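# Commentary on secondary and tertiary structure
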Amino acid sequence: MPIWVRNVEGSSKKPPKPECGCEDWIDHWKRNQTKHFGNATCMAIGRLEPHDKELVGAHVWKRGDAAEQYIVPLCKTHNMIDPEKWFEVDDAASPVSTRKQLPCHVPEER
Ligand SMILES: [Zn+2]
Ligand SMILES: [Zn+2]
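Residue positions within a chain follow its written sequence, with the count starting from 1. Naming scheme: in the order in which they are written, chains are lettered from A and ligands are numbered from 1. Local features in a predicted model are, by the rule used here, given only for residues with pLDDT of at least 70; side-chain atom pairs are given and counted only at 80 or more, and totals for whole chains, interfaces and linings are based on all residues.

## A look at the nonpolar core
Ranked by internal contacts, the top residues of the largest apolar core, which has 20 residues, are Val5, Met43, Ile71, Val72, Leu74 and Val89. Counting from the N terminus, the helices are DSSP H or I runs at least four residues long and the strands are E runs at least two residues long. Within the residue set of this core, elements represented by two or more residues are strand E1 (3-7), helix H1 (25-32), strand E2 (55-62), strand E3 (65-75) and strand E4 (87-89). In terms of residues, this core owes the most to one element, E3, which gives five residues. A set of buried residues qualifies as a nonpolar core if it consists of Ala, Val, Leu, Ile, Met, Phe, Trp, Tyr and Cys joined through C-beta atoms within 7 Å. Residue burial is a threshold on neighbouring C-beta atoms within 10 Å of the residue's own C-beta, all placed from the backbone, with 20 or more meaning buried, 12 or fewer meaning exposed, and counts in between meaning partly exposed.

Structure, rendered in structure tokens:
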């Protein structure tokens, strides 16, 4: 079942750094997602070709959930979709909350 999302305004230009200890948002997604086990690829589906080569951990809103932002893997092109427009991502996008969670990276103490 596809999931409807839209980009968070301004997040593609200057995304905030993760505060959970993860290297970046793709790292955060990889550690916390539960449905995708191959290499991460852009999860945008529908009439949205072509994809860009560069992949980012994109900040999105999930339809029906205004409480928090989620991370899904999107290519640069689809991370630039107008924040007003809802689009579908694959079920394997397994949107991950931006909050710190147990699988997050814990930097080693020096
Ligand atoms: Zn994290
Ligand atoms: Zn794409």
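## Thoughts on unusual backbone geometry
Even without being glycine, Ser94 reaches a positive phi, approximately 35 degrees. By secondary structure assignment, the location of Ser94 is in the loop between E4 and strand E5 (96-97).

## Concerning the sheet that holds E3
Strand order in the open sheet made by the five strands is E4-E1-E2-E3-E5, with antiparallel pairing throughout. Edge positions in the sheet fall to E4 and E5, since each of these pairs with one other strand and no more. Strands are labelled as partners when DSSP assigns at least two bridges between them. Judged from the two bridges that link them, E3 and E5 form a sheet pairing that is antiparallel. Counted as the bridge partner of Ile71 is Val96 from E5. Strands in contact with H1 are E2, E3 and E5; relative to E2, the strand with the most contacts, it is inclined by about 70 degrees. Contact definition: two residues whose C-beta atoms, as placed from backbone geometry, lie within 7 Å. Lines fitted to C-alpha atoms define the axes here, with helix axes fitted over just the stretch in contact, and angles between the N-to-C directions of these axes take values from 0 to 180 degrees.

## Quick word on the pairing of E3
For a regular strand, side chains alternate in direction, first toward one face of the sheet and then toward the other. Where E2 and E3 come together, seven bridges link them in antiparallel fashion. Counterpart to Lys62 in the pairing with E3 is Asp65. Here E2 folds back onto E3, and the loop between the two strands holds two residues, one of which, Gly64, carries a positive phi near 85 degrees.

## A short note on the pairing of E1
What you see with E1 is a clean split: Ile3, Val5 and Asn7 sit on the buried side and Trp4 and Arg6 on the side with no burial. Relative to E4, E1 is paired through three bridges, and the arrangement is antiparallel. Within E4, the residue paired with Ile3 across the bridge is Val89. Pairing of E1 with E2, which is carried by three bridges, proceeds in the antiparallel orientation. If you follow Val5 over to E2, its bridge partner there is Lys62.

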